[in-house]
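# Commentary on secondary and tertiary structure
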Amino acid sequence: MKIKCDFCKTEYSVDGVASTPVKCAICGHTWTVASVPRKNTWLMFFASLCALLSAIIFTVAVIIQHQARTAKRGPLIAEIIGLESTTDDAGTTHVVVNGAITNVSDSIYGVPDLYIVSTDDAGHVLAKQKFMPSATLLDAGATVKFNHILAPQPAGVKKISAHLAKIQTPDKDEK
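It should be emphasised that the depicted structure is a prediction, and the values quoted were computed from it without experimental measurement.

With phi around 65°, Lys9 is a residue other than glycine that occupies positive phi space. Along the polypeptide, Lys9 turns up in the loop between strand E1 (2–4) and strand E2 (11–13).

As structure tokens, this is what we get:
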């Protein structure tokens, strides 16, 4: 422990706290060293335990939230990568939807029909088109790209999204 003379500020290193007054070897000043308050070991243990429990609860909450999000969205995810505009021979403008379907599970899944949904500002469905993607099965972690030319869109379309039809999962008894 380090102590310092109150008068000349000379520093000393001592092994423990002196219970009697201390005399400075340089200036001769005498002073009493204040004892350092001990940290309560039980309080430190309890604080460490609370911090550890908080970290465990936080980790479990993050894992549960991630699993709930994964379960809600399903094993296959359809996303739109880009939209393009094209004109056919008759001069009609069409929207080409480019996207991908990704298998985020660790199993092989059959790829269901895909719906391209056009909505307005309020979220009302203005048009819904169904088509079959090019892949019929998708390995674990695999992605298949798709593109689909939409029929002429009604006025007021503000958002175009991709949704998969319900995926059929085998019963646990079937093999």
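Still more to cover.
So, about the pairing of strand E6 (residues 93–103). Burial analysis of E6 places nine of its 11 residues in the buried class, which makes it a mostly covered element. The antiparallel hairpin formed by strand E5 (residues 76–87) and E6 contains five residues in its connecting segment, where Gly91 sits at a positive phi of about 90°. Both E6 and strand E11 (residues 143–149) contribute to a ladder of seven bridges, which runs antiparallel. For Val96, the partnering residue across the bridge sits in E11 and is Ile149.

Our focus in this paragraph is the environment of Leu114. Counting through the fold element by element, Leu114 comes out in strand E8 (residues 114–119). Measuring from C-alpha to C-alpha, the distance between Leu114 and Lys130 comes to 5.6 Å, with 16 residues separating the pair along the chain.

Here the focus is the sheet that holds strand E12 (residues 159–164). Reading across from one edge, E9-E8-E12 is the order of the three strands in this open sheet, with antiparallel pairing throughout. Lying at the two open borders of the sheet, with one neighbouring strand each, are strand E9 (125–131) and E12. Shown here is a sheet whose adjacent strand axes are inclined to one another by a mean of 20°, direction ignored. For E8 and E12, the ladder comprises six bridges, and the chain directions are antiparallel. Considered in E12, the bridge of Val117 is made with Ser161.

Val97, Ile101, Leu114, Ile116, Leu138, Phe146 and Ala162 are the most contacted members of the largest nonpolar core, which has 16 residues in total. Each residue touching Ile116, except ones within four places of it in the same chain, is listed here: Val97, Ala127, Lys128, Gln129, Phe131, Phe146, His148, Leu150, Ile160, Ser161 and Ala162. Ranked by size, the runner-up nonpolar core spans six residues in total, among them Ile3, Val22, Trp31 and Val33.

What counts as what
- Position labels on residues start from 1 in each chain and follow its written sequence.
- Given that this is a predicted model, residues contribute local features only at a pLDDT of at least 70 and side-chain atom pairs are listed and counted only at 80 or more, while totals for whole chains, interfaces and linings are drawn from all residues.
- No hydrogens and no water enter the side-chain calculation; it runs on all heavy atoms of the structure.
- Going along the chain from the N terminus, every DSSP run of H or I of four or more residues is numbered as a helix, and every run of E of two or more is numbered as a strand.
- Note on exposure labels: buried denotes an accessible area under 20% of the residue type's maximum, exposed denotes more than 50%, and partly exposed covers the range between, all computed with a 1.4 Å probe on protein chains only.
- Strand pairing requires that DSSP identify at least two bridges connecting the strands.
- In this analysis, axes come from line fits to C-alpha atoms, helices being fitted only over the stretch in contact, and the angle between any two N-to-C directions falls in the range 0 to 180 degrees.
- For the purposes of this section, nonpolar cores are sets of buried Ala, Val, Leu, Ile, Met, Phe, Trp, Tyr and Cys residues that join through side-chain atoms within 4.5 Å.
- Every residue pair with non-hydrogen atoms within 4.5 Å of one another is taken to be in contact.

Purely spatial values, then, with no claim about function.
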